[in-house]
Amino acid sequence: MRHFLKETDFSRDEAGQVFALARRFKQERGRHERPLAGQTWAMIFAKSSTRTRVSFEVGIHELGGNPLFLNTNDIQIGRGETIADTAKVLARFVHGLIVRTHAQSDLTVLAAHGGLPVVNALTDFLHPCQIYADAFTAAERWAGPQGDLLASLRGRKVAFLGDTSFNMANSWLLGAGLFGMKIALAGPVEYKPGKEISEMAAQAGGAFQFTTDSREAVAGADIVYTDVWASMGQEGEAAERRRRLLPYQVTGKLFAAAKPDALFMHCLPAHAGEEVAQEVLDHPRCVIFDEAENRLHVQKGILAMLARSRG
Ligand code: CP
Ligand code: NVA
């Protein structure tokens, strides 16, 4: 049984297949095959979502399947039923699980007990669907309509600014290794990448640089990326984080210090005036809404790959 819990659950070659499927699904929207016909996929969400929920619901529908949205407050998990029992029960009804939660270990338990493919729709540790969509967004610009999407990423540099210790930074560390990209992260030392992700990134083949100097990180960058300062679950630390992270805001001046054709990216939702200045969100090389749209096409590629591997 194949799962997509982290970027490296697909090989580099398979990531290339996901991108190729995403490109075709985007071109043939409404006319392509329906590999999830007759299937229901449950979406278990313990956190808020706009993009992830909508892109998966629409994507499953477009692949011929039925999405079943389950907020954890409404199912018995919210009242203490174990994750393992929930997985065993759902396996009697549905064909796959898409899960947004806090602990990455919850996904491993679901994957181990359900006998169903599990897709990570964001944990505190990783957000792999977002990184695949972000890399695809850059690649479709760099490779053009016919070019080799994966090859267009090789050797490119990502600069990640702000909270470099949470899901988006972690996922970029794995994604950069998988896609052959360079990555420099800049933030306060209190929020530098942790030991576990640093070891995983090294295994994925990536070397990364951590610095407290934003300018150093963005020098020569092809992508300037940031994320919210207080992620879901960290609302109580918002004031302290704002104080510590303010020097890492992506301002127009900082963005101008990257390569002249660099892209600005953000997973969204964005907070203008905090992690990014409004002038950067309004910049012609800001591609945030393309990233959001590509969640749909790329996730359809991921689901089609998982459906294939089930036979
Ligand atoms: N980028 C992202 O995952 O957005 P949502 O939280 O709205 O799903
Ligand atoms: N780091 C953010 C990402 C939202 C898509 C969070 O976890 O809230």
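Look up a bit, the structure's there.
So, here's what we can say about the structure. Each chain carries its own residue numbering, running from 1 in the written order of its sequence. Written order determines the labels here, with chains lettered from A and ligands numbered from 1. Where local features are concerned, this predicted model is filtered to residues with pLDDT of at least 70; where side-chain atom pairs are given and counted, the filter is 80 or more; whole-chain, interface and lining totals use all residues. No hydrogens and no water enter the side-chain calculation; it runs on all heavy atoms of the structure.

When you go through the protein chain residue by residue, the secondary structure sums to 13 helices and nine strands. Every radius of gyration here is taken over C-alpha atoms, with the globule rule written as 2.2 Å times N^0.38, N being the number of residues. Relative to its length of 311 residues, the protein chain is compact, with a C-alpha radius of gyration of 19 Å against a globular reference of 19 Å. Seen along its three principal axes, the alpha-carbon backbone of the protein chain occupies a region of about 55 × 45 × 35 Å. Burial status across the protein chain gives 55% buried among its 311 residues. We call two residues in contact when some of their heavy atoms are within 4.5 Å. Pairs at least 24 apart in sequence give 76% of the contacts found in the protein chain among residues at least 6 apart. Total accessible area on the protein chain stands at roughly 12600 Å², and carbon and sulfur atoms take up 50% of it. For this count, His and the chain ends are skipped, Lys and Arg are scored as positive, and Asp and Glu as negative. By convention, charge coordinates are those of NZ in Lys, CZ in Arg, CG in Asp, or CD in Glu. Considering the protein chain, the positive charge centre built from 35 side chains and the negative charge centre built from 35 side chains are found 3 Å apart. Per the convention used, a helix needs a DSSP run of H or I reaching at least four residues, while a strand needs a run of E reaching at least two, with both numbered from the N terminus. Summary of the burial criterion: residues with accessible area below 20% of their type's maximum are buried, those above 50% are exposed, and those between are partly exposed, where the area comes from a 1.4 Å probe applied to protein chains only. We get accessible surface area from the Shrake-Rupley algorithm with a probe of 1.4 Å; when it comes to residues, only the shown protein chains can shield them.

Nearness is judged by heavy atoms alone; a residue qualifies as near a molecule or strand once a single heavy atom is within 4 Å of it. Contacts to ligand 1 come from S49, T50, R51, T52, R100, H127, Q130, C267, L268 and R295. For the purposes of these results, a polar contact is taken to be a pair of N or O atoms within 3.5 Å, where, inside protein, one atom must be able to donate a hydrogen and its partner to accept one; residues adjacent in sequence count only when each atom of the pair is a side-chain atom. Within the side chain of H127, one N or O atom sits 2.9 Å away from an oxygen atom of ligand 1. Burial of ligand 1 by the protein amounts to 95% of the accessible area it has alone, namely 260 Å².

As a matter of local geometry, ligand 2 sits amid L122, F166, N167, D227, V228, S231, M232, C267 and L268. N167 is positioned such that a nitrogen or oxygen atom in its side chain is 2.8 Å from a nitrogen atom of ligand 2. The contact in question runs from a nitrogen atom of ligand 2 to an N or O atom on the side chain of S231, over 2.6 Å. Here ligand 2 loses 94% of its free accessible area of 270 Å² to cover by the protein chains. Residue type decides the class: Asp, Glu, Lys and Arg count as charged, Ala, Val, Leu, Ile, Met, Phe, Trp, Tyr, Cys and Pro as nonpolar, and the leftover types, Gly among them, as polar. The class makeup of the residues in the shell around ligand 2 is six nonpolar, two polar and one charged.

It is worth spelling out the sheet that holds strand β8 (residues 223–226) at this point. Strand order across the open sheet formed by five strands is β7-β6-β5-β8-β9, with parallel pairing between neighbours. Two strands close off the open sheet at either side, each with one partner strand: β7 (208–211) and β9 (263–266). Recorded for the sheet is a direction-independent mean angle of 20° between the axes of neighbouring strands. Should DSSP find at least two bridges between two strands, the strands are taken to pair. Looking at chain direction, strand β6 (residues 182–186) and β7 are connected through four bridges and run parallel. Geometry is summarised by axes, namely lines fitted to C-alpha atoms with helices restricted to the contacting stretch, and by angles between N-to-C directions that run from 0 to 180 degrees.

The criterion is simple. A nonpolar core is a set of buried Ala, Val, Leu, Ile, Met, Phe, Trp, Tyr and Cys residues joined through side-chain atoms within 4.5 Å. Membership of the largest hydrophobic core comes to 62 residues, with the highest contact counts inside it found for F19, I98, Y132 and F179. At nine residues, the largest contribution of residues to this core is made by helix α5 (residues 128–143). Of all hydrophobic cores here, the second largest spans 22 residues; its members include L161, A262, F264 and V280.

Mapped onto the fold, S214 is located in helix α9 (residues 214–218). Exposure remark for S214: the relative accessible area of 8% places this residue in the buried category. Taking the C-alpha atoms as reference points, S214 and L116, separated by 98 residues in sequence, lie 43 Å from one another.

In this structure, strand β1 (residues 40–45) lies alongside strand β2 (residues 66–71), joined through six bridges in parallel fashion. Across the sheet, A42 pairs through a bridge with L68, a residue of β2. When the strands point away from the viewer and the connection leading from the first strand across the helix to the second strand turns clockwise, the crossover is called right-handed. Crossover connection from β1 via helix α2 (residues 51–62) to parallel β2: handedness right-handed.

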